[in-house]
Amino acid sequence: MNEVNTEASSTVTIKIDGIDCKVPAGVNVIEAAKSVGVEIPHYCYHPDLSVPGNCRMCQVEVVGMPKLTIACNTVVKEGMEVRTEKSSPQVKDTQAATLEFILINHPLDCTVCDQAGHCKLQDYHYEYNAKPSRFIEDKVEKVKAFPLGPTVNLDGERCISCTRCVRFCDEITGTSELGLVNRGDKSVITVNQANPLDNPLSGTVVDLCPVGALTHEKWRFNTRIWFTKQTNSICPGCSTGCNVKVAERDGKVVLVKAKYNALVNKEWLCDEGRYGFGRFEPESRIHTPLQQGQVATWPLLQTIWKTLTKVPTAVLFAPDCSIEDYIVAKEACTLLFDNVTFATQYKERPLSKVEKVLVSPDYAPNFRGAQFAGVAGGNIEREYQNTLTGIREEIFGQVLIIGDNALLSQDCDDALLSGLAKAKTIACLANTLSPAYRVAYAVAPVRTVLERSGLFINRNMRLQYFEAVVPFLETAVPIWRWFAEVSNGAIAGNSLSKNSNDRDATLAVLKREPRFESYKISTIKSEGIDVRELF
Ligand code: SF4
Ligand code: SF4
Ligand code: FES
């Protein structure tokens with residue numbers, strides 16, 4: 001018997017293609033089948049939107065029902081017998097006919113379509129029909145390359161009228177910019193010109209569109225998907241920690257899609273996170289170690305580090321460091337200095353009603369990780385500001401600035417810069433535009449958040465694993481490695497060396513940190529782990 005590993009309080013037993021399956025009670029046949037690894041093809045159904053039942057792609061046979069039924073709108077019941085195309089010739093024929101019907105007016109311009117290679121219409125056609133079209137009449141012409149708003153374009157001829165985009169704007173953002181007008185083969189998505197599609201989550205409709213009808217203005221025609229390397233990761237834009245799939249080509253981010261995670265972002269992304277993903281790769285990069293603005297060497301940087309003494313020291317972290325960075329750096333600093341003040345940059349901003357659907361009010365993807373590792377406390381914003389005040393008042397003899405975002409430009413007034421210049425300031429940075437770059441006595445070049453992997457904890461206390469999505473700069477090191485080296489292996493990841501990679505650092509921290517004892521990277525990667533009880 002196929003069984004689903006679910007925490008659902010109750011289950012029912014149904015037969016799918018003659019096999020007994022235990023599935024969660026109360027779900028529809030698509031979800032029930034998915035829970036035991038059986039795919040029922042569908043276009044209009046989405047688990048987090050209403051069920052219009054308009055595409056007819058999900059039809060199955062339910063024994064005892066007089067006709068085929070749509071799986072998206074049929075709830076499982078104890079003893080139900082479901083037949084998919086694998087055991088029902090009628091379902092097989094219906095799926096092929098549905099696809100032929102959907103494709104009648106489709107332009108079949110896959111050769112120039114951005115969705116080619118990741119299109120549900122292509123996939124299902126090969127899987128469930130794979131016959132040439134018999135349609136010889138003229139196809140209905142509709143709008144092409146029509147801007148629905150600043151971010152999204154519509155190709156009306158490719159649209160299959162599934163209404164996912166319309167329902168997202170009605171039911172999730174509540175902005176209702178889109179509608180489906182006309183009937184039959186004249187049906188087309190349209191936008192109210194006085195109310196264009198420009199809500200803060202607008203790009204999500206492109207992910208939801210199962211075909212190539214909606215495209216991102218920013219990324220149209222930029223690359224074929226098969227020339228890219230795609231990586232599942234976590235958006236570092238804020239502490240919501242949205243799950244993403246990032247396509248990279250020639251070291252650049254060329255497309256960002258949502259990756260479904262029912263417990264974090266469902267399949268939504270905000271535009272600021274999606275279209276701004278490349279901003280974490282600095283155009284003006286620090287390539288080598290620096291001493292007082294001059295090119296230095298790693299051994300020289302080590303020598304400078306050894307001149308640090310046990311005077312009061314402030315350690316300011318960026319909120320996008322990994323937990324590995326926080327733990328290793330904290331342990332090294334506690335070991336090497338007597339009087340250390342840790343703080344992590346944090347600032348909140350007001351959010352609009354639509355942003356509140358998804359976005360967190362910060363730019364701090366791992367502020368919870370900083371709290372977990374003990375480099376930030378409960379009043380994180382106040383601690384950060386107090387530490388800046390201490391720097392301005394020159395109470396610290398040494399300041400370590402860890403990460404580009406450890407200091408916000410708006411906080412860098414003359415008094416702060418003067419305090420940093422008077423203290424011995426050593427910074428781990430990637431970007432010459434980081435405010436600390438101008439005043440640091442020495443700079444270690446480190447990898448950006450897009451070039452590294454590691455652990456984040458999101459605002460709702462979900463431990464997640466983010467992956468490097470672009471190749472790293474050879475001369476830049478991970479932050480944890482810099483601290484592992486300067487403390488001569490006397491810290492958490494004492495097995496870490498020059499040859500260790502980010503994965504080794506994660507494994508070292510999982511092994512060393514008692515609160516993570518039972519966790520594996522693979523488990524964390526799948527849906528994340530709720531770590532509320534670990535705080
Ligand atoms: S544009 Fe895409 S998501 Fe919207 S109705 Fe057409 S096919 Fe569906
Ligand atoms: S809500 Fe936050 S984590 Fe999600 S896409 Fe936007 S910036 Fe990224
Ligand atoms: S998915 Fe069931 S009718 Fe569209």
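Below: a short report on this structure. (Residues numbered from 1 in each chain as written. Chains lettered and ligands numbered in written order. Predicted model: local features only at pLDDT ≥ 70, side-chain atom pairs only at ≥ 80, totals over all residues. Heavy atoms only, no water.)

A look at the packing of aromatic side chains
- In this structure the tally under the stated criterion is 17 aromatic pairs.
- Judged by centre distance (5.8 Å) and plane angle (50 degrees), the ring pair of Trp298 and Trp482 falls under tilted. Remark: Trp482 occurs in helix α12 (residues 479-486) and Trp298 occurs in helix α7 (residues 298-306); sequence separation between them is 184 residues.
- When its relative accessible area of 26% is taken as the criterion, Trp298 is described as partly exposed.
- On the numbers, 5.9 Å between centres and 55 degrees between planes, the contact of Trp305 with Phe337 is tilted. With a gap of 32 residues between them, Trp305 in helix α7 and Phe337 in the loop between α8 (323-336) and β18 (340-344) connect regions that are remote in the sequence.
- Owing to a relative accessible area of 5%, Trp305 belongs among the buried residues under this scheme.
- We classify Phe337 as buried; its relative accessible area is 3%.
- Above the ring of Tyr363, the side-chain terminus of Arg349 is found at 4.0 Å from the ring centroid. (Phe/Tyr/Trp six-rings, centres within 6.5 Å; stacked < 30°, edge-to-face > 60°. Helix = DSSP H or I, 4+ residues; strand = E, 2+ residues; numbered from the N terminus. Buried < 20%, exposed > 50% of the residue type's maximum accessible area, 1.4 Å probe, protein only. Lys NZ or Arg CZ within 6 Å of the ring centre and 35° of its normal.)

Some words on the side chain of Asn458
- Turning to its location among the elements, Asn458 is positioned in the loop between β22 (454-457) and β23 (462-466).
- The exposure class assigned to Asn458 is buried, which follows from its relative accessible area of 4%.
- A polar contact is formed between the side chain of Asn458 and the backbone nitrogen of Arg462, at a distance of 2.9 Å. (Polar contact = N/O pair within 3.5 Å; in protein donor to acceptor, adjacent residues only side chain to side chain.)

Brief notes about the environment of Phe317
- Along the chain, Phe317 falls in strand β17 (residues 313-317).
- Residue Phe317 is classed as buried on the basis of its relative accessible area, which comes to 0%.
- For the pair Phe317 and Ala343, spaced 26 residues apart in the sequence, the C-alpha separation amounts to 6.3 Å.
- Among all residues touching Phe317, those that are not within four sequence positions of it are Tyr326, Ala329, Phe342, Ala343, Thr344, Gln345, Val375, Ile402 and Ala406. (Contact = heavy atoms within 4.5 Å.)

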